[in-house]
Amino acid sequence: MSLTVLMNAGPWLSVPPPGYGGIENVVATLVPELRRLGVRVVLASVETSTLPVDEKISVFPDGQFHALQRPYNQVCGVSQAHLGGVVRALHARDDIDLVHDHVEAVGLATMAAMGPDAPPALHTLHWDLAKHPELYGNLDGGDRVRVNGVSASQLARAPQALRDHSVGHVHLSTPLAVDADRRPPVDQGDHVIILGRINPGKGQDLGARLARQVGFPLVLAGPVGPYHRPEDLAAAGDEARQNPDVRFFYDHVAPHVDGDLVRWVGTVAGQERDDLLASARAALFPLRWEEPGGTAVVESLALGTPVVSTARGCLPELIEHGRTGLLTTDEEELGDLVLAAGLLDPAECRREAAARFTPAMMAEQYVGLYERVRQLAARP
Ligand code: UDP
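Note that the structure is a prediction, hence the values are computed from the model and not measured.

The rules we used
Residues numbered from 1 in each chain as written. Predicted model: local features only at pLDDT ≥ 70, side-chain atom pairs only at ≥ 80, totals over all residues. Heavy atoms only, no water. Phe/Tyr/Trp six-rings, centres within 6.5 Å; stacked < 30°, edge-to-face > 60°. Helix = DSSP H or I, 4+ residues; strand = E, 2+ residues; numbered from the N terminus. Buried < 20%, exposed > 50% of the residue type's maximum accessible area, 1.4 Å probe, protein only. Contact = heavy atoms within 4.5 Å. Pairing = 2+ DSSP bridges. Axes fitted to C-alpha atoms, helices over the stretch in contact; angles between N-to-C directions.

A. Layout of the packing of aromatic side chains. Under the defined criterion, the tally for this structure stands at four aromatic pairs. Between Phe-249 and Trp-264 the ring centres are 5.0 Å apart and the planes differ by 55 degrees, which places this aromatic pair in the tilted class. On the criterion of sequence distance, the pair formed by Phe-249 in helix H8 (residues 244-253) and Trp-264 in strand E10 (residues 262-266) is long-range, its members being 15 residues apart. With respect to burial, Phe-249 and Trp-264 carry one shared label: buried. Every member of this aromatic cluster is reached through a ring pair, and the members are Phe-249, Tyr-250 and Trp-264.

Pasting the structure below:
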């Protein structure tokens, strides 16, 4: 297939990301599979990105993640500078068949504002959007700009203007799902894991309290704001509390962290992350927000770890209650469900991941969406 896609991953982190990085991980997972299907990929990112692509466009020498801590107008300045580079590139060449944009509302608005000279654009929504309808009010790009969600529930909650431009949803995937059904089982540990950013929406406070009440060992893995290691957070002192996730951690999670039954291990990566997740009795998601995509959920399945979660956001789409996990609308019930999760079959989880969440499947679905977006844009 001869299709050239400009993939806009934004200016915040290199691709693949050095550690934590949701959007950049999705791009790093998707692009190799697209190229295997014959798609040419021009990556708009930062200089330090190492993902093999056909061509790169970058404005910034390296990831500008640190700028996200600055005032909002400076954050927008970084976004606009990056998008300026993308727009200049689009004006200077005519070989781009489609823009696949991942850069939140600013990217979408820019694509829309480029008007009929721009190639058609598909914007992937990565967040829970119901809270920010104002960001997506103006989609003057009309038929040339389309959006897709990462779950049906995310789209159902999105503002009407976005739903009017939607071409459907594509679930997130994980390289861990490749041949997951053929991997030998691992020895189960005793611990339960919550894998994710420490944040009120992810509910680590609830999980930690239930671990103490019910009495199961709980490992909290993930960054607290910009701090990846407990010693970095400790060294940052009181200034760190300006970050809302740091305040949440100190006020609501840390009181339950005793270093014994409940531990915070900071961000885990690579084999360490996979081993910790694969050997867990259950992956707990005590969600208080409507999880839009849930990469950590599909990773848990791929590693044969049943998921225990509040039935929020995309969870009911990803998890079959009673087979690959246990879901509840009553958060106080989560502790009992963790104990019951040992009855679920890890092989069922791995089978489910191999059948539904591989990168190749995600890429095939995106190629289908690219065709649809181009057809809609070509309509008289
Ligand atoms: N993650 C990780 N190490 C950690 C915590 C999280 O590698 O200590 C990864 C996790 O495996 C997943 C991603 O970060 O790939 C989080 O994506 P998800 O969609 O679950 O949550 P988000 O943070 O995007 O809301």
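B. Region of interest: the environment of Val-42. Here Val-42 lies in strand E2 (residues 39-45). Under the relative-accessibility criterion, Val-42 is labelled buried at 0%. For the pair Val-42 and Leu-303, spaced 261 residues apart in sequence, the C-alpha to C-alpha distance is 32 Å. When near neighbours in sequence (up to four residues on either side) are disregarded, Val-42 contacts Thr-4, Val-5, Leu-6, Met-7, Glu-55, Ile-57, Arg-93 and Ile-96.

C. Up close: the sheet that holds strand E1 (residues 3-8). The sheet built from seven strands is open, its strands ordered E3-E2-E1-E4-E5-E6-E7 with parallel pairing. The sheet terminates laterally at strand E3 (55-58) and strand E7 (166-169), the two strands that pair on one side only. Direction aside, the axes of adjacent strands within the sheet are offset by 20 degrees on average. With four bridges connecting them, E2 and E3 associate as parallel partners.

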